[in-house]
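Here is what each chain is made of, one letter per residue.
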Amino acid sequence: MGKKKDKKTEKTNAVRLVEAAGIEYQLREQDVSGGFLGGVEMARMLDQNPKQVFKTLVTVSTSGEHFVCVIPVDRELNLKKAAKHFGVKKVEMLLSRKLLETTGYIHGGCSPVGMKKPFPTVIDDSALEFETIMVSGGKVGLQMELKVEDLIALINASCGNVTDVTEGEA
């Protein structure tokens, strides 16, 4: 893999942190000027398995604690499983309008790396099936591929079953 980057790509905070940690990665950038792409569509454009491309979701507990869940783009977050994983009674999705002020990232470009402050983070345990996964590189249309173990160590994440198996996966 190697530190491969497109010279035209502006370095995001996520990319700078990965580089500073000496982690090997690859960046893939897609033109999203035609509008927002869903995660599965982005995976297809990158010719990647949607089970290996992950989205970053931010949740909030009833007491105001924030938790980050990194899950495959073709799955849905199970809020009850997420709450149980983090040891809280209930979590709900953070309102999209609060994402930037909370994380420093916008919807569609939220990376688990380089948020304004570190939040407890879980990576769905399905990531362990792969050597590498793709996560947002910190802006819409920018994906970063890196080793699962490197991502876990960099963001001090845990792994757990926080998604529901979708129809056709079982």
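This one's a predicted model, so the numbers in the text were calculated from it and none came from an experiment. (Residues numbered from 1 in each chain as written. Predicted model: local features only at pLDDT ≥ 70, side-chain atom pairs only at ≥ 80, totals over all residues. Heavy atoms only, no water.)

*Asks:* How would you sum up the overall build of the protein? Please name residues and give values.
*Replies:* Summing up its helical and strand segments, the protein has five helices and 11 strands in all. Buried residues in the protein amount to 47% of all 170 residues. Working note: accessible area of the protein is about 9,100 Å², and carbon and sulfur atoms make up 48% of it. (Helix = DSSP H or I, 4+ residues; strand = E, 2+ residues; numbered from the N terminus. Buried < 20%, exposed > 50% of the residue type's maximum accessible area, 1.4 Å probe, protein only. Areas by Shrake-Rupley, 256 points an atom, 1.4 Å probe, with all protein chains shown as cover.)

*Asks:* Which residues make up the packing of aromatic side chains, and what values go with them?
*Replies:* Evaluated as defined, the whole model comprises one aromatic pair. Seen from their ring centres, F67 and F86 are 4.4 Å apart, and the 25° between their planes marks the pair as stacked. Placement of the pair is F67 in strand β4 (residues 66-72) and F86 in helix α3 (residues 79-86), with a sequence separation of 19 residues. Take F86: its relative accessible area is 16%, and that puts it in the buried class. (Phe/Tyr/Trp six-rings, centres within 6.5 Å; stacked < 30°, edge-to-face > 60°.)

*Asks:* Break down the layout of surface pockets for me, with residues and values.
*Replies:* For the second largest pocket, the calculated volume is near 180 Å³. Taken together, L17, V68, P112, V113, G114, M115, K117, P118, F119, T121, L154 and I155 make up the lining of the second largest pocket. (1 Å grid on protein atoms, 1.4 Å probe; cavity = no way out; pocket = protein on both sides within 12 Å on 5 of 7 lines; lining within 4 Å. Points joined across faces, edges and corners; volume = space filled by probe spheres on them.)

*Asks:* Account for helix α1 (residues 13-20), with residues named and values stated.
*Replies:* Among the residues of α1, A14, V15, V18 and E19 are the ones counted as buried. Around the axis of α1, the buried residues are gathered within 130° of arc, so they sit on the same side. A positive phi of about 75° marks G22, the residue just after α1. (Arc of directions from axis to C-beta.)

*Asks:* Residue-level account of the sheet that holds strand β6 (residues 91-93), with values.
*Replies:* Reading across from one edge, β6-β3-β4-β7-β10 is the order of the five strands in this open sheet, with mixed pairing throughout. The open sheet is flanked by β6 and β10 (158-160), the only strands paired with a single partner. Going across the sheet, the axis of each strand differs from the next one's by a mean of 35°, ignoring polarity. With seven bridges joining them, strand β3 (residues 54-61) and β4 adopt antiparallel strand pairing. (Pairing = 2+ DSSP bridges. Axes fitted to C-alpha atoms, helices over the stretch in contact; angles between N-to-C directions.)

*Asks:* Report on the environment of L100, specifying residues and quantitative values.
*Replies:* Residue position: L100 is located in helix α4 (residues 99-103). When the C-alpha atoms of L100 and C110 are compared, they prove to be 8.8 Å apart, with 10 residues separating the residues in sequence.

*Asks:* Report on the pattern of salt bridges, specifying residues and quantitative values.
*Replies:* All chains considered together, the criterion is met by six salt bridges. Between E145 and R28 there is a salt bridge; the shortest N-O distance is 3.0 Å. Of this pair, E145 sits in strand β9 (residues 142-147) while R28 sits in strand β2 (residues 25-29), and the two are 117 residues apart along the sequence. We classify E145 as buried; its relative accessible area is 9%. Between K81 and D164 there is a salt bridge, with the nearest N and O atoms lying 3.7 Å from each other. Remark: D164 occurs in strand β11 (residues 163-164) and K81 occurs in helix α3; sequence separation between them is 83 residues. (Salt bridge = Lys/Arg side-chain N within 4 Å of Asp/Glu carboxyl O.)

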